[in-house]
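An overview of the molecular structure
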Amino acid sequence: MIEEVVMRQDIALDDFLPIFISSSLVLVFGGFYVGIYTAVKVKLLKKWTMPIAYIFWMLTAYCLYLMGSLMHVGEFTAKALVVAAIGLFLLPHAVYFMQHQVHEENEH
Amino acid sequence: MANNHLTGIGSESKQLATWYFTFAAILFGAQLLFGLVAAIQYVMPGFLFELLDFSVARMLHINALVVWMVFAMFGSVYWLLPDETGIETIGIKIGKLLYWVFVAAIVVVVLVYLFVQVGPADETSIWFIHEGREYIEAPRWADFGIVVVALGFVANLFLTGTAGNRSGIVTVLMADMIAFAGLYLAGMFFTDNISVDQYWWWWVIHLWVEATWEVYVGAIAAYGLITMIGAHRKVVEMWLWIEVAMLFGSGILGIGHHYFWIGTPEYWWEIGALFSALEPLPLVAMFIHVLYDWGKTQGAQDATGVEVSVINNKPAFTWFVLNAFGNFLGAGIWGFFHTLPQVNLYTHGTQFTSAHGHLAFFGAYATILIGMMYIAVQGTNGIKVMKHTKSSLWAVSMICGGVMGMTVALTVAGYVQVLVSRAQMGATWAGYFDGQSGMWFAQAMDWRLVMGAVTFLGFLFLAKDLLSTGKNPVHER
Amino acid sequence: MAKTSVWSDNRFWQRSAGWITGFAAVLLIWLTFDTAGQIAMGTDEDLKNGVTKRVPGPTVINYKITYEMSDKRGHEVPYIGGNDGKGGSLFQEKQKFFGRDDYSEEEAAALLHLGKLGSQTKNCMNCHTLLGNGAYYAPDLTKAWLDPAWQDDGTMQAMTGKSTKEEAMAEFLQHPSTYPTHARMMPDLGITAEEAKGLVAFLKHMSSIDTNGFPRNFGKIRGAVNGK
């Protein structure tokens, strides 16, 4: 499964800055998504802010796509990035679900 | 059940912990001082030339870093053991003896670094001066000393953990610390093959800082949440196990991102890319967890109708929250943007790595260990609720601001290097110096020095606060 | 007491953590065995028989080494003793190293051993990067042997008054601050003539390691290198 073309193409000089910025924003937006989601769930934020969390996830996914295409990633890395995006999507749901269960069991 | 600090007074384990913290803080200061020397040399290359060259200053800078963190890590374990297990640490006398052995060895190593510096190209130099391998330069005699001390520490931990109440936190620490000590062995041999050399060298460096140390931080954060805000132990410990799974699951094979260019086969590109992409997830998760537990515990408190903060140690909690955030920022964001092989081809070995190193070591480790020092100050002085002082706030803001400033400056410098020295000139000697002499690079280095000085001033405030805050009457006793 | 779910069971998560860690560790160990085989140092026999190794044997110092684009691999690779035109090394063309191109396996291994020891005891890695790892205060040494500055038309041979690059490099290593190229200088590390020879052998050997195309575009812009 070696990606033959991993390094075939040079990254264009003008593409470095967008790559660095988009890959940083991946986690910045990802952090906002997860943070807002959790804050709403523990009632630090009002419920109507939830869609904003999902908008941030979409921005994350877009940045991952942008970063990947500017870097000319191959098929395998592209799949790895999709897995990471889905993982990030599920993460706060899973965390909340599990934490909630433990709290339910232990505090009632 | 929340841990009660006040039971710890008179514990020998806790006393030993404060010794470890004290020496750690001294080495932290030394780290910053030698860092400043190296930073000045970037700006004024003649500074201490052929007296204390960059290579020596930097070796001391990064070795002091590793050693102060190891000291503070050992100290934190000795601190929390009586709380977690409910008994005094077993073998504490040997623990204390080994502490002095460790300190003496460090002092000798540092003096040799400073005054001998380099030796002839033979095995004797490797045995008695230094091994010249970044981060684990300690000469071989000291390697064996470190192994003995580490084994003594692990033995203390295991004996106490099995004899007393072996909590989830202690169980994780036991497994983690044995791996931490064992991995050091991978960095203790000499080989003529530099690819093999660096292959095993990363076993020590990567499997420490991106696997075992991260898990250690998870365990300490769990202890901190229980101790400082009274978080529910079952929730925290379950979460700790999930973190262990996520950190080791992504971190162990994440080592692949160091195997892109050192002579190792191409398949590490895929392995490194996949697991590096996953590595930030546990860091994000740790961040939410702190937020979640804080929100839940405070919410439960507020529901009782008494509006009072659940945090019983403000400075320590501040550093713990900074840890959750800094880990995500330094290890997560600053790690992720140069981790994929496609872009790492150009960023590998530039100031980007240095920017990431500064923010990640600080965010992921320095913060939480400073937090533990505050917990120890609180415990030894029998303080019920510890508050911020002017110095503690100055320390937090100047150290964080300084490190962040250095990181941004180094990132700018790295960007210049990537464009000029790498993408265009392909890492030649001339390309390297063209990058270094660029205006943006030079100014970034000026700013790095300024921000380094800010960090050092912050450290002075921190030292003053740690020494004096215990007697300050603002705290509730 | 509410119903207990597997998701909130500490034992379940403890076991999961154990299994996941164990699985990752076993996979790493398995890959380590594979990699160890692939990066084991080659022998003189390999070089003579035209066997390509990721890390060639020490007698590679008898050969000419170049770093060129391979269409097959999609990046630059080191070619030993010439390019066979099909993406592989020819292992034919020799190059004199301190006047000789017939170092025996023992002689070459001894030189490399001395050089590798020197690279550690002189603390190269705390200013330079080797294979991209180390400090960033001085140039990367991965392909230093092939650096245009040291070639026949480069600046360094003239500066050190030597007529071959290995001699120029060895001279520079022994008296670095006598030949300053920039305000930032290499300090005198007490390197002897023999140690310098070993270090240059180490550098030549390192340049023959297959680093998967790192560094990219090495020496692509030659005009700038030679100050044109």
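Residues numbered from 1 in each chain as written. Chains lettered and ligands numbered in written order. Predicted model: local features only at pLDDT ≥ 70, side-chain atom pairs only at ≥ 80, totals over all residues. Heavy atoms only, no water.

What to know about the overall build of chain A
Tallying secondary structure elements over chain A gives three helices and zero strands in all. From first element to last, N terminus to C terminus, chain A shows the α and β order α-α-α. In chain A, which comprises 108 residues, the proportion classed as buried is 51%. A sequence separation of at least 24 residues applies to 68% of the contacts in chain A between residues at least 6 apart. Split by element, the accessible area of chain A, about 5500 Å² in all, is 72% carbon and sulfur. (Helix = DSSP H or I, 4+ residues; strand = E, 2+ residues; numbered from the N terminus. Buried < 20%, exposed > 50% of the residue type's maximum accessible area, 1.4 Å probe, protein only. Contact = heavy atoms within 4.5 Å. Areas by Shrake-Rupley, 256 points an atom, 1.4 Å probe, with all protein chains shown as cover.)

Things to note about the pairing of strand S2 (residues 75-80) of chain C
All names here are of chain C. Counting buried residues in S2 gives six out of six residues, a clear majority hidden from the surface. Note that strand S1 (residues 65-70) and S2 share six bridges and pair antiparallel. Across the sheet, the residue bridging to Tyr67 is Pro78, located in S2. Hairpin connection from S1 to S2: four residues lie between these consecutive antiparallel strands, with Gly74 at a positive phi of about 80°. (Pairing = 2+ DSSP bridges.)

Overview of the confidence of the model for chain A
Residues and elements named next belong to chain A. Of all residues in chain A, 90% attain a pLDDT of 70 or more, and the chain-wide mean is 84. Mean pLDDT per element in chain A: helix H3 (residues 75-107) is the minimum at 82, and helix H2 (residues 50-70) is the maximum at 94. Long-range and interchain partners of residues 1-5, a stretch whose pLDDT sits below 50, account for 14 contacts in this model, where long-range means more than four residues apart. (pLDDT = per-residue confidence, 0-100.)

Here we look at the pattern of salt bridges
All names here are of chain B. A complete count under the given rule lists 21 salt bridges over all chains for this structure. Between Lys96 and Glu12 there is a salt bridge, with the nearest N and O atoms lying 2.8 Å from each other. Residue Lys96 is located in helix H3 (residues 92-115), and its partner Glu12 is located in helix H1 (residues 12-43); the two are separated by 84 residues in the primary sequence. We classify Lys96 as buried; its relative accessible area is 12%. (Salt bridge = Lys/Arg side-chain N within 4 Å of Asp/Glu carboxyl O.)

Observations concerning the state of the cysteines
The tally for this structure, following the rule as stated, stands at zero disulfides over all chains. Free of any disulfide, C:Cys124 has its nearest cysteine sulfur in C:Cys127, 8.9 Å distant. (Disulfide = S-S within 2.5 Å.)

Quick look at helix H7 (residues 194-229) of chain B
Residue and element names in this part refer to chain B. Over its 36 residues, H7 runs 49 Å from end to end, which matches the ideal 52 Å to within 8%, given 1.5 Å per residue. Residue Trp208 marks the point of greatest curvature in H7, where the axis turns by about 50°. Looking one or two residues past H7, Gly230 carries a phi angle of roughly 65°, positive in sign. (Expected span 1.5 Å × (residues − 1). Bend = angle between axes of the 7 residues up to and from the residue.)

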